[in-house]
Amino acid sequence: MSAPAAAVAPSWLAAAMSALGAAHEQGRMPHALLIHEAPGTGGDWLATWAAALVLCERGKAVPCGECGACRRVASSHHPDVSWVRPQEDSRQIRIEQVRELSGDLALTSHSGGYKVGILTPADALNRFAANALLKTLEEPPARTLLILVATEPSRLPPTVLSRCQRLRIRAPERAESIDWLTTTRGKGDWNAALDTLGEAPMQVAQADPAELAGVGADTRQTLDALIAGRTDPVAAAERWARSQLPLRLLCFENWLTERIRAGERGGALLAELRAGPYLSGAGSFLNIRELFGLIDEVRDLRATLDVPLNRGVALEALFRRLAPAGGVRNGVQG
C-alpha cells in the first residue's frame, strides 16, 4: 500500500522511521533494506516513505511531503523509483523483471540523487530472480537503495538475506490500529473489521468495514456451527464457494489461529496426534499438530483459487474435519 509521505504515519512504524531517518541524516543509509512485516502492517507504506526520504529535495531526516519529489513518490510517478511486483495473475517475481530493475538502477538518476528499487512481496522472487538480484546486491551502483518487503523472508536465499539490513514491523495493538483507521478513514466498525482480517490495518483500510464485519461474523458463526454439529458441511461449502471465498478463507485461517492461541493460553493443547475431528464441541483438548495442518490446508486452498477446481468439494473436505464424528446433529446428516 503506497502512501504520501505527509499522510498520517502509523504509530507502530515510528521506531523504524526514526531509525531510517537518523541513518540517512548521518550518511549511513544501507544500500539494501529488508522490511519484514507482519501481514497488512505497512511494509509498502514504509518502503514508500523510505523512497521519499532519500529523494526529498529538502534533505532532512523526515521527508517533507510537499516538494515535487515527495509528491511524485507518493503518486508512484517518480522516475527514480522502480516498483517490482508479480505481474498479472502470476504469484512470482521473475528473472526478467529483476534484470530490468538492475538495468534501470545502473542508469544515471534523473534527479542527480538516489535510485530506488522496491520489490514487494520479495518472498515472491523465484529462485532464478533471487540469484539475479544477488548480483546487484553484491555490487550495488552508487547511491542506490534496494528495498525488499516480505512477510516470509525465510523463503529468500540466505545469500540475499545476509546482504540486507533488516527492519521488523510488528503487528500493532488493536487500539493503535483503530486510532489510525479512524484518523485516516473516519468512523466505522473497525474493531469488527479487524476481527475479520486480523491485526492488518493496512488491508482493512482498503475495504468497507461494514462489509468486512458482516462477512466475518457470518463466517465465524458457520465455523462455530460446524464444530458443534449444527450445520451441514455440504450446504456450508456450497454457500461459501459462491460468496466472498477469498475473504472467508482468510477469516477461517484467523479463526483457527485464535483457537491455537487460546489453547496455548489455557493449556488445552495436545502435541500428539489423535483420531477424530480437528476440533470437538464436546472435548476440551485441541490437537496442535492437526490444527496447524488444517491451517496449511486452508492456505493451500487460498493459494490455488485461480486454478480450475471444484471449490465446493475442497471446502467440504475441510469442513468435515471440523464436524463431529457421525455427521451433523439435530437430525441433519453431513
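Residues numbered from 1 in each chain as written. Predicted model: local features only at pLDDT ≥ 70, side-chain atom pairs only at ≥ 80, totals over all residues. Heavy atoms only, no water.

Some details on the pairing of strand 1 (residues 32-37)
A large share of strand 1 lies buried, amounting to six of its six residues. With burial as the criterion, each face of strand 1 is covered, one bearing Ala32, Leu34 and His36 and the other bearing Leu33, Ile35 and Glu37. In terms of strand pairing, strand 1 meets strand 4 (residues 144-150) through five bridges, oriented parallel. Looking at the pairing, Ile35 lines up with Val149 of strand 4. (Buried < 20%, exposed > 50% of the residue type's maximum accessible area, 1.4 Å probe, protein only. Helix = DSSP H or I, 4+ residues; strand = E, 2+ residues; numbered from the N terminus. Pairing = 2+ DSSP bridges.)

A few points about the confidence of the model for the chain
Do not read the predicted coordinates in detail wherever pLDDT is low. Overall, the prediction assigns the chain a mean pLDDT of 87, with 87% of residues at 70 or greater. With pLDDT under 50 throughout, residues 268-285 is counted as low confidence; its partners more than four residues away or in other chains account for 45 contacts. (pLDDT = per-residue confidence, 0-100. Contact = heavy atoms within 4.5 Å.)

Considering the environment of Cys67
For Cys67, the location among the structural elements is in the loop between helix 2 (43-55) and helix 3 (68-74). When its relative accessible area of 6% is taken as the criterion, Cys67 is described as buried. In this structure, the C-alpha to C-alpha distance between Cys67 and Glu57, residues 10 residues apart in sequence, is 6.4 Å. With near-sequence residues (within four places) excluded, Cys67 lies in contact with Cys56 and Glu57.

Structural notes on the pairing of strand 3 (residues 115-119)
In terms of residue burial, strand 3 counts as a mostly covered element, since five of its five residues are buried. Of the two faces of strand 3, both are covered, the one formed by Lys115, Gly117 and Leu119 as well as the one formed by Val116 and Ile118. Pairing geometry for strand 2 (residues 81-84) and strand 3, over four bridges, is parallel. Bridge pairing in strand 3 links Val81 to Val116. You can see the chain leave strand 2, run along helix 4 (residues 95-105) and come back into strand 3, and the turn it takes is right-handed. Direction of pairing for strand 3 relative to strand 4: parallel, over a ladder of five bridges. (Right-handed = clockwise from strand over helix to strand, strands pointing away.)

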